[in-house]
Amino acid sequence: MTMLKLFGIIFFCGLLSPSQEVLSGLSCAVSPGAMQNVLSNAILHNGLLQKHLQGLVLPNIMGEGGLLNSPTSITGLHLVKLRLPRLSVVLLPGIGVQLTITAKLELSGRCLVGLLSELIGILVDVNITANIKCTNFESGTVQVVIEDCLCILGSIKINLLSGLLTVSVNEIVLKQLTATLPGLLCPVVDIVVNLVNIQLLGTLNAVIPVGTAGTIHYQLASLPFTSGLFLGLDLDGVVKQVGGSIIPHDSSPSALPLLLDKRLVLGLRQSFLNAVLYLLIQIPPQIFPCTPDVFSGASPLQEAIMALVPAGCSACHGTSPLRIKLTLSGNPLILLEENKATVDLSVMIQVFIKPLDGPILNLLLLKADLGLNAHVSIAGGRLVLGLSLGSTSLSLESSDVGISNISILKPHCRRLLGERFLPLINGALDTGIPLPSVLGIPLIKVDIQIFAGLLVILM
């Protein structure tokens, strides 16, 4: 399958050299701060870690020398609440992500000291550090492996309902939890991280409809990679028409611009935009009479055309009205230059007469080459283009009645295209180009910059 390569989503916390090239796919780099927000939401704020810690089965704590030198046992110990959880991320160049979770575990159980049984509450500080590595890339998916999980216990506070707490009980609890908790917490973190990996991969492997015209399939193209500044992701995309045919495009690599102090930079290559424009702008030929009720400049246009018709053309001066056919010619092409985006497209303008008792008579076949100014915006996670008339070049393709000089028709044809054809193009573009919600990070409060061959969205 021919993969449509896109260039760039870059989530920055630093700087890439302007000469550094990225793969020709859609390349993503996630800054430590952005990655921390993503993982905090997925692991802590959504309650995923709390949910899986809730099922912890802690062993009973047994000891000697409690109150009045009686045996001490703590049973039924379970997690009540995960308090003040915090998560931080450090990127390990060439290795992966170091994840650190600090929290207070509120535990509860029953404490039996001699013959006295009562509720016991334990509040323990924990610090869990795990190195996460991506491996086994296949068909857009990767596995995550936790290496070197380290769990350190901090201070422990114990409350008994009676308040009869001895130093020995505190020592017993600290010793037993230090021995058992790390072996219980690290496997839970491993489960949670793998669940989050599946969740986040779903944002990278997505088929997104482009209106009713087709789809874009975004997919992870290779194993993620890390530097000290960002977690890098390369995506492929396939742009398909309805029916399954793939729209090809140039997949040569591009270089990133020099951009500082941005958490998110999304770079879209010109060739990708052209592929999606081809998908969106599918306008059938438009045929209509050259009358004022259809086109406000119809009468001046008709007068200008008829002034060019030779006097000897009897059919031209008959009762049959002039008709106009507008047909999109070739593929629209977007051109990205410094601080400027234009769309070039060509329209064939056919002016003809269809007598009741004869064949079609083509008075004119004109080609209009348009340079349309493109205004770019982001709405609802989609890139939206709005076009306005810029330059217009008019050339004569043929005339059945011998018309050769069309210079007086240019302003009329420009008005015709502005009133009749441009609204159709903008209507087709209203659907917008859907962008992937990489790692679930929404495209809000963005700025847009345009470079040669590259459109950049910044957060």
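Residues numbered from 1 in each chain as written. Predicted model: local features only at pLDDT ≥ 70, side-chain atom pairs only at ≥ 80, totals over all residues. Heavy atoms only, no water.

Q: Is there a simple way to think about the overall build of the protein chain in this case?
A: The helix and strand tally for the protein chain stands at 6 helices and 20 strands. Put simply, the protein chain has 459 residues, and 47% of those count as buried. Excluding contacts between residues fewer than 6 apart, the proportion of contacts in the protein chain whose partners are at least 24 apart in sequence is 66%. Of the roughly 20,700 Å² that the protein chain leaves accessible, carbon and sulfur atoms contribute 56%. (Helix = DSSP H or I, 4+ residues; strand = E, 2+ residues; numbered from the N terminus. Buried < 20%, exposed > 50% of the residue type's maximum accessible area, 1.4 Å probe, protein only. Contact = heavy atoms within 4.5 Å. Areas by Shrake-Rupley, 256 points an atom, 1.4 Å probe, with all protein chains shown as cover.)

Q: Just checking my understanding: could you explain the pairing of strand 20 (residues 454-458) for this structure?
A: Taken residue by residue, a regular strand's side chains alternate between the two faces of the sheet. Counting buried positions over the 5 residues of strand 20 gives 5, a clear majority of the element. Neither face of strand 20 is left uncovered, since the one carrying Leu 454, Val 456 and Leu 458 and the one carrying Leu 455 and Ile 457 both have all their residues buried. The pairing of strand 19 (residues 447-451) with strand 20 spans 5 bridges and is classified as antiparallel. Within the sheet, the bridge partner assigned to Gln 449 lies in strand 20 and is Val 456. Between strand 19 and the antiparallel strand that follows it, strand 20, lie 2 residues; Gly 453 among them carries a positive phi value of about 75°. (Pairing = 2+ DSSP bridges.)

Q: Mind showing me how you'd approach the nonpolar core here?
A: Looking at soluble globular proteins, one finds that nonpolar side chains tend to be buried together. Among the nonpolar cores identified, the biggest contains 69 residues, and Ile 349, Leu 363 and Leu 409 are the most heavily contacted of them. Looking at this core element by element, the count peaks at 9 residues for strand 16 (residues 361-379). Grouped together as the second largest cluster of nonpolar side chains are 64 residues, Leu 91, Ile 122, Val 196 and Val 438 included. (Core = buried A, V, L, I, M, F, W, Y, C linked by side-chain atoms within 4.5 Å.)

Q: Before we go on, may I ask you to explain the state of the cysteines in this structure?
A: As used in these notes, a disulfide is a covalent bond between sulfur atoms, one from each of two cysteines. This structure, assessed with the given rule, holds 1 disulfide. Paired by a disulfide, Cys 149 and Cys 186 hold their sulfur atoms 2.0 Å apart. Disulfide Cys 149-Cys 186: torsion about the S-S bond near -85°, hence left-handed. In this pair, Cys 149 sits in strand 7 (residues 141-160) while Cys 186 sits in helix 3 (residues 167-204), placing the two residues 37 residues apart along the sequence. Note on Cys 151: no disulfide assigned, nearest cysteine sulfur contributed by Cys 186 at a separation of 5.7 Å. (Disulfide = S-S within 2.5 Å.)

Q: I keep staring at the pattern of salt bridges and nothing clicks. Help me out?
A: Oppositely charged side chains can form a pair if their charged atoms are brought close together. Tallying each qualifying case throughout the model produces 3 salt bridges. Between Asp 125 and Lys 104 there is a salt bridge, with its nearest N and O atoms 2.7 Å apart. Placement of Asp 125 in strand 6 (residues 116-138) and of Lys 104 in strand 5 (residues 96-113) is noted, with a sequence separation of 21 residues between them. Exposure remark for Lys 104: the relative accessible area of 26% places this residue in the partly exposed category. A salt bridge links Glu 419 to Arg 415; the nearest nitrogen and oxygen atoms lie 3.1 Å apart. (Salt bridge = Lys/Arg side-chain N within 4 Å of Asp/Glu carboxyl O.)

Q: Just to check I follow, could you spell out a nonpolar patch on the surface for this structure?
A: Side chains of Ile 191, Leu 195 and Ile 198 sit close together on the surface and give an oily, nonpolar patch of about 270 Å² of accessible area. Checked against the element boundaries, Ile 198 lands in helix 3. (Patch = residues over 30% accessible without salt bridge, like charges linked within 9 Å, V, L, I, M, F, W, Y side chains within 5 Å.)

Q: Is there a simple way to think about the sheet that holds strand 17 (residues 382-398) in this case?
A: Sheet strands pair by backbone hydrogen bonding; their relative direction is either parallel or antiparallel. Taken in spatial order, the 6 strands of this open sheet run 13-14-15-16-17-18, and their pairing is antiparallel. Each edge of the open sheet is held by one strand with a lone partner, namely strand 13 (286-289) and strand 18 (433-434). Two elements, strand 17 and strand 18, share 2 bridges in a ladder whose sense is antiparallel. Among the inter-strand pairings, Leu 383 is bridged to a residue of strand 18, identified as Ile 433. Relative to strand 14 (residues 322-337), helix 4 (residues 270-280) is tilted by about 160°, and along the sheet it contacts strand 14, strand 15 (340-353), strand 17 and strand 18. (Axes fitted to C-alpha atoms, helices over the stretch in contact; angles between N-to-C directions.)

Q: Which parts of the structure should I look at to understand the environment of Arg 414?
A: Checked against the element boundaries, Arg 414 lands in helix 6 (residues 410-429). Counting along the chain gives 44 residues from Arg 414 to Leu 370, while the straight-line C-alpha distance between them is 9.1 Å. The contacts of Arg 414, once residues within four sequence positions are left out, are Leu 389, Gly 390, Ser 391 and Thr 392.

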